[in-house]
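The primary structure of each chain is shown beneath.
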Amino acid sequence: MSTVAETSITLTPEHDARPGATVRSRLQDALPKLVLAPSFAATIVFVYGFILWTIYLSFTNSKTFPSYAITGPRAYQRLWRWTFESDPPSSWYTSITNMGIFGFLYISICLALGLFLAILLDQKIRGEGVLRPIYLYPMALSFIVTGVAWKWFLDPGLGLEQTLHQWGWTSFHFDWIKNKDFVIYTVVIAGVWQASGFIMAMFLAGLRGIDGEILKAAQIDGATTFQLYRRIVIPLLRPIFLSALIVLAHLAIKSYDLVVALTSGGPGGSAWLPSNFMYEYTFKRNEMAVGSASAVIMLMTITAIIVPYLYSELREKPR
Amino acid sequence: MSAVATPARQSTGGISARTVNRIVIYGLLALFALFYLMPLFVMLVTSFKTMDEIQNGNMLALPQEPTFAPWIRAWSEVCSGLTCVGMKGYFWNSIKMVVPAVIISTLLGALNGYVLTKWRFRGATLVFGLMLFACFIPFQSVLLPMATILGSLGRFGVKLQNATGLTFGFGNPTVNLVFVHVVYGIGFTTLFFRNYYEAFPNELVKAAQIDGASFFQIFRRIMLPNSLPIIVVTVIYQFTNIWNDFLFASAYAGSGDVMPMTVALNNVVNTSTGVVEYNVNMAAAMIAALPTLLVYVLAGRYFVRGLMAGAVKG
Amino acid sequence: MAFLEIDGLKKRFGAVEILKGIDLDLEKGGFLVLVGPSGCGKSTLLNTIAGLETITEGEIRVDGRTINDLHPSKRDIAMVFQSYALYPNMTVAGNIAFGMEMRGVPAGERQKAIDKVAKVLQIGHLLKRKPSQLSGGQRQRVAMGRALVRDPKLFLFDEPLSNLDAKLRVDMRIEIKRLHATTGTTIVYVTHDQIEAMTLATKIAVMRDGEVQQFGTPAEIYNNPVNLFVADFMGSPAMNLIPATIGSNGSGFSVVMEREARQPISLPLGNAPAGLSAFQGKPIIFGVRPEALTDPEGAERNASNIARADCHIEVIEPAGSDTFAVTNLGGKAVVARLRADAKIQPGTVTPLAFNLTKAVFFDPATEKRIV
């Protein structure tokens, strides 16, 4: 049975038979909306209102404290200038270049590794129940703990390099975490370590959701295992790719903690991401307007990714 | 089940291609298991070693003389900045912040989901969309205004205290963080419950209406008792998220004895007075990681489901 | 004055009109079945009677009282849902008593009422179980128990049998019929299954696109469908609706059906409806139910007008109790219902008997019956 009415039930609030509803019945009428109202109001004020506030601040010359006299897009002009200041690199230049490197590598490695592990685990593996949680547990840790662990592990004097030296491989050299040109790649390593297992779980769920009959049909059509994955399975996982991409993009642009814990910003701020730039400029360097402008730019970037996605998600199931 | 069954191939003497295949697959899986386990393993063994053993021994070696001293030091003595009282106070700070924030945001999410699915009104999808988008914003874009507002609330609290002797929680960093986490968490909790209640039969609500149950009676007697799975998912998701948060914590409770665990850990690790006690640092990191790891171990299945729900597709 | 009266009921969602002016009435103790295809508005209509959906226009009265704006719980109704809608977190007893609990009935009285209903429905041994521990048929009984315990003025059933397997469905159908006979309650029942409608109803309303196509007793609906839709929808196998033309053969009219690669069949109509005269030489739709198209030996003995014609049999379907034969008339596959032991072979030409007293005619332009 599917009438239009079926999908949306409109429940009739208690009415008196007399015309002219009483106060009580009108209250009943409004009750659902009253219940939702505080959450919605909080969202409007503390999310959208605050975003407007931040945008406003980015057009002032706020330093240590907010100032509310509009002075034009000076903060954006500075950011724009810094965007091209590559030698020596400005902090903003470093941040957005790092964002590009980190974002690209983090997302693509997580997707590739996650898919690869999911396919391996989907080969009727004995001990899957043990392996899956091992791949996944890093996601339960905070970025701070992840950072602390990897900081130790990658420290040339204590971690991997030292260990391999002790084992006799004395020529081994791995000091990326102290090298301003390579420090961002250590952030990638730690980030991938933390999130790839979760992406694996997403893909595995997707693989398990594929109709087995399609695969049987393809095998009868003579597809090899490789062809089967390339031509049938991976195309069918497209929605998972999209969801995983959104999750990763969202995590990447928020990765503030990881940089702080792993590298403390790296030598001379060489590991900064825009989120670190924003925090440092706003709270440490007393350049509130510039910090706000950078936050606005981050927001616009994520909006460009998320809004089309949310729109299609909410529209797909029309109500 | 989707596992692509590798078509059985005839073995032509010796080791079959299939066996080689299996060995390669298991080998790769084991290698990656090592990659994921290594940092935790190193953290764990280091936290039970003496400093002597750390400086002279191998990172991967098991502790020769296991000692609990680093854990005890981390819990009750370690220095964060100039205060040396251990992690225990910060641990409780985190607990005091997490528990109310999780309860309030979950309850609000449940109510919102109930309204958005069972009491639909014109514009419900728009309301939900606006709340959902709020989940994805970089919190940097609201960090500053929130700091300003919390600052004025703090001054209001001082005035209240002067007038009445009580602050009523205004200006208390823990209360502030609870507030912040509730506000920026309801998007996700609403999403979880909305998706769950979307599949919850409308007929049950209709039947309860005919039985004469009111809005809140339906919620309390029909919806909530049947929501255990999604409550577990939401609680786990919120718990890990809030416990692990660093940005809000460092911005609004970033110093002094009000710091939550994550900020305190970061300070401990970066405290550079005297010799760096790596074993104590690792023990402190383990203490910070334990609650979420424990949740993950106890309820891993729900943990994954919660994370997946974060990708909207439920 | 009827017990349940629905006057000019309209329901709109925005610009979409779901119910386009429904007028129905039902006497006390009657059994009204709303039947129609998916999306015809029958469930919406039931929901408006229950008060689960508001109405845009019109009036609903029960026992003389207008209930348009009453809360569902104040309408003195009970409803059995398609999914049974048993509260999964409560025991069977808790489910049955929930409504009384909400009304503040004391525990002792509730227990008495539960016991009484449990006895009627023979579910006493299930009272402590949760719905998930019950079979489909048991859930169905509990759902009916929850409705019965209210002792309402009006029972509403929303496709209550559609989730049961075929055999159980027949059993429960009989059970519902018995319940109706013994308690004498007034029932409104929604289904898309025309057999349920025929067997249960005292009155049937056939609905399509938010309108009542025909409202009448099962016999009226079956024998005198007012239009092509009702003729086609009610009955299984469905009525044969054959494109034909009306000819005259001196003494009266005849109905002429084209056949592929054969001579057209022409059947003389002894007692044609008066309206048919306007269609002389024009196309009509000739409606004949499969049971009115038989092997000559199986034809109804006392029918006044039986015509025979040789037909080419394309397919036969022995169904045990009957044998169905398919022939082609007017470009359509036409089903005849023969006796089980009728000697018939596919691919042969066999005489079939048309019981023309049961035949009906429709105007292809308006789709209305010609009377």
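Residues numbered from 1 in each chain as written. Chains lettered and ligands numbered in written order. Predicted model: local features only at pLDDT ≥ 70, side-chain atom pairs only at ≥ 80, totals over all residues.

(A) Inspection of the nonpolar core at higher detail. Counting 298 residues, the largest nonpolar core has B:Ala284, B:Ala285 and C:Leu156 as the members making the most contacts within it. Looking at this core element by element, the count peaks at 16 residues for helix H8 (residues 183-208) of chain A. For B:Ala284, the contacting residues outside a window of four places in its chain are B:Ala74, B:Val78, B:Met87, B:Leu265 and B:Val268. (Core = buried A, V, L, I, M, F, W, Y, C linked by C-beta atoms within 7 Å. Buried ≥ 20, exposed ≤ 12 C-beta atoms within 10 Å, placed from the backbone. Helix = DSSP H or I, 4+ residues; strand = E, 2+ residues; numbered from the N terminus. Contact = placed C-beta atoms within 7 Å.)

(B) The sheet that holds strand S17 (residues 322-329) of chain C, seen in detail. One open sheet accounts for five strands, arranged S15-S19-S16-S17-S18 (chain C); its pairing is antiparallel. For this open sheet the edge positions go to strand S15 (293-294) and strand S18 (332-339) of chain C, each flanked by a neighbour on one side alone. (Pairing = 2+ DSSP bridges.)

(C) Representation of the domain arrangement of chain A within the structure. Residue and element names in this part refer to chain A. Considered domain by domain, chain A is made up of domain 1 (2-58) and domain 2 (82-315). Just the C-alpha atoms count here: the centres of domain 1 and domain 2 sit 39 Å apart. Opposite the five residues of domain 1 that make contact, domain 2 presents seven residues. Considering only residue class, the side of domain 1 that touches domain 2 consists of three nonpolar, two polar and no charged. (Domains from an automatic or database assignment. Nonpolar A, V, L, I, M, F, W, Y, C, P; charged D, E, K, R; others polar.)

(D) Inspection of the interface of chain B and chain A at higher detail. Residue-level contacts link 79 residues of chain B with 93 residues of chain A. Considering each element in turn, the side of chain B that touches chain A owes the most residues, 10 residues, to helix H1 (residues 17-47) of chain B. Looking at side-chain class alone, the side of chain B that touches chain A contains 54 nonpolar, 22 polar and three charged residues.

(E) Main features of the sheet that holds strand S13 (residues 262-269) of chain C. Residues and elements named next belong to chain C. Pairing is antiparallel in the open sheet, where five strands are placed in the order S13-S12-S11-S14-S20. On the outer flanks of this sheet lie S13 and strand S20 (360-362), each paired with one strand and no other. Neighbour-to-neighbour, the strand axes of this sheet turn through a mean angle of 40°, independent of strand direction. One ladder, built from six bridges, connects strand S12 (residues 253-259) with S13; its direction is antiparallel. Each bridged residue has a counterpart across the sheet, and for Ser-254 the counterpart in S13 is Pro-268. (Axes fitted to C-alpha atoms, helices over the stretch in contact; angles between N-to-C directions.)

(F) Structural context of the interface of chain C and chain B. Opposite the 17 residues of chain C that make contact, chain B presents 14 residues. Of all the secondary-structure elements, those providing two or more residues to the side of chain C that touches chain B are strand S6 (77-80) and helix H2 (92-102) of chain C. Considered class by class, the residues forming the side of chain C that touches chain B number 12 nonpolar, four polar and one charged.

(G) Structural view of unusual backbone geometry. Residue and element names in this part refer to chain C. The residue after Ser-236, namely Pro-237, is reached through a cis peptide bond having omega -5°. Of note, the phi angle at Asp-63 is positive, near 55°, even though the residue is not glycine. Along the chain, the position of Asp-63 falls in the loop between strand S4 (57-62) and strand S5 (65-66). The backbone of Asp-76 sits at a positive phi, close to 60°, despite the residue not being glycine. For Asp-76, a count of 15 C-beta atoms within 10 Å corresponds to the partly exposed category.

(H) Structural detail: helix H2 (residues 23-58) of chain A. At A:Ala30, H2(A) shows its maximal bend, which comes to roughly 50°, and the proline A:Pro32 appears one to four places after that position. All buried positions along H2(A) are accounted for by A:Pro32, A:Leu36, A:Ser39, A:Thr43, A:Phe46, A:Val47, A:Phe50, A:Trp53, A:Thr54, A:Leu57 and A:Ser58. (Bend = angle between axes of the 7 residues up to and from the residue.)

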